[in-house]
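Structural overview for review
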Amino acid sequence: MKVKVNAVNFTVDRKLVDFIQFRMDKLEKYYDKIVSSDVFLKVENTSDKENKIVEIKIHVPGDDLLVKKQCKTFEEAVELSAESLERLLVKRKEKTRTHI
């Protein structure tokens, strides 16, 4: 799957990009019609420890799925977002299966 990683106001290291790519590739086993995905990484300027925001937008035929998570680390936020997307993709796959 084509994954585009966008870091807002900072540069992202290769290890994090590889982790995101690896985690997003796993989603294809839940729904194989994923076209591409956009991952937005943001750091909120607050004193709160949970200031890392990850937004993942997945493009599937006929729709876009968007998940936003805020955590202490980008890895944790990506993991939680991917888990949410897994549930959404399974739901979508079941819905399309019932229409056939």
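Figured I'd write up the structure that's included with this text. Here the structure is a predicted model, which is why all the values come from computation and not from measurement.

Cut-offs used in this document
- Residues numbered from 1 in each chain as written.
- Predicted model: local features only at pLDDT ≥ 70, side-chain atom pairs only at ≥ 80, totals over all residues.
- Heavy atoms only, no water.
- Helix = DSSP H or I, 4+ residues; strand = E, 2+ residues; numbered from the N terminus.
- Rg over C-alpha atoms; globule rule 2.2 N^0.38 Å.
- Buried < 20%, exposed > 50% of the residue type's maximum accessible area, 1.4 Å probe, protein only.
- Contact = heavy atoms within 4.5 Å.
- Areas by Shrake-Rupley, 256 points an atom, 1.4 Å probe, with all protein chains shown as cover.
- Lys, Arg positive; Asp, Glu negative; His and termini not counted.
- Salt bridge = Lys/Arg side-chain N within 4 Å of Asp/Glu carboxyl O.
- Patch = residues over 30% accessible without salt bridge, like charges linked within 9 Å, V, L, I, M, F, W, Y side chains within 5 Å.
- Charge placed at Lys NZ, Arg CZ, Asp CG, Glu CD.

When its secondary structure is counted, the protein shows two helices and four strands. Moving toward the C terminus, one meets the helices and strands of the protein in the order β-α-β-β-β-α. A compact globule built from 100 residues would reach a C-alpha radius of gyration of about 13 Å, and the protein, at 14 Å, matches this within 12%. Based on the C-alpha atoms only, the size of the protein along its principal axes is roughly 50 × 25 × 20 Å. The buried share among the 100 residues of the protein stands at 36%. Pairs at least 24 apart in sequence give 50% of the contacts found in the protein among residues at least 6 apart. Per element, the accessible surface of the protein, about 6300 Å² overall, is 50% carbon and sulfur.

Here we come to the side chain of D38. Along the chain, D38 turns up in strand β2 (residues 36-43). For the buried residue D38, which engages in no salt bridge, the nearest side chain bearing the opposite charge is K4, 5.2 Å off. Leave out the neighbours within four places in its chain, and D38 touches K4, N6, E55, I56, K57 and H59.

Relative to the assigned elements, S36 resides in strand β2. In this structure S36 touches M1, K2, K57, I58 and H59, once residues within four positions along its chain are discounted.

Quick look at the environment of H59 now. Mapped onto the elements of the fold, H59 is located in strand β3 (residues 52-60). Along the sequence, H59 and V35 sit 24 residues apart, while their C-alpha atoms lie 5.5 Å from each other. Residues contacting H59, with those up to four places away along its chain left out, are I34, V35, S36, S37, D38 and D64.

Attention now moves to a negative patch on the surface. Negative charge collects at one region of the surface, where E44, D48, E50 and E76 lie side by side. Relative to the helices and strands, E76 is located in helix α2 (residues 74-99).

This part takes up unusual backbone geometry. Phi is positive for N9, which is not a glycine, with a value near 65°. The topology assignment puts N9 in the loop between β1 (2-7) and α1 (14-26). We classify N9 as exposed; its relative accessible area is 80%.

All we've got here are geometric facts, nothing functional implied.
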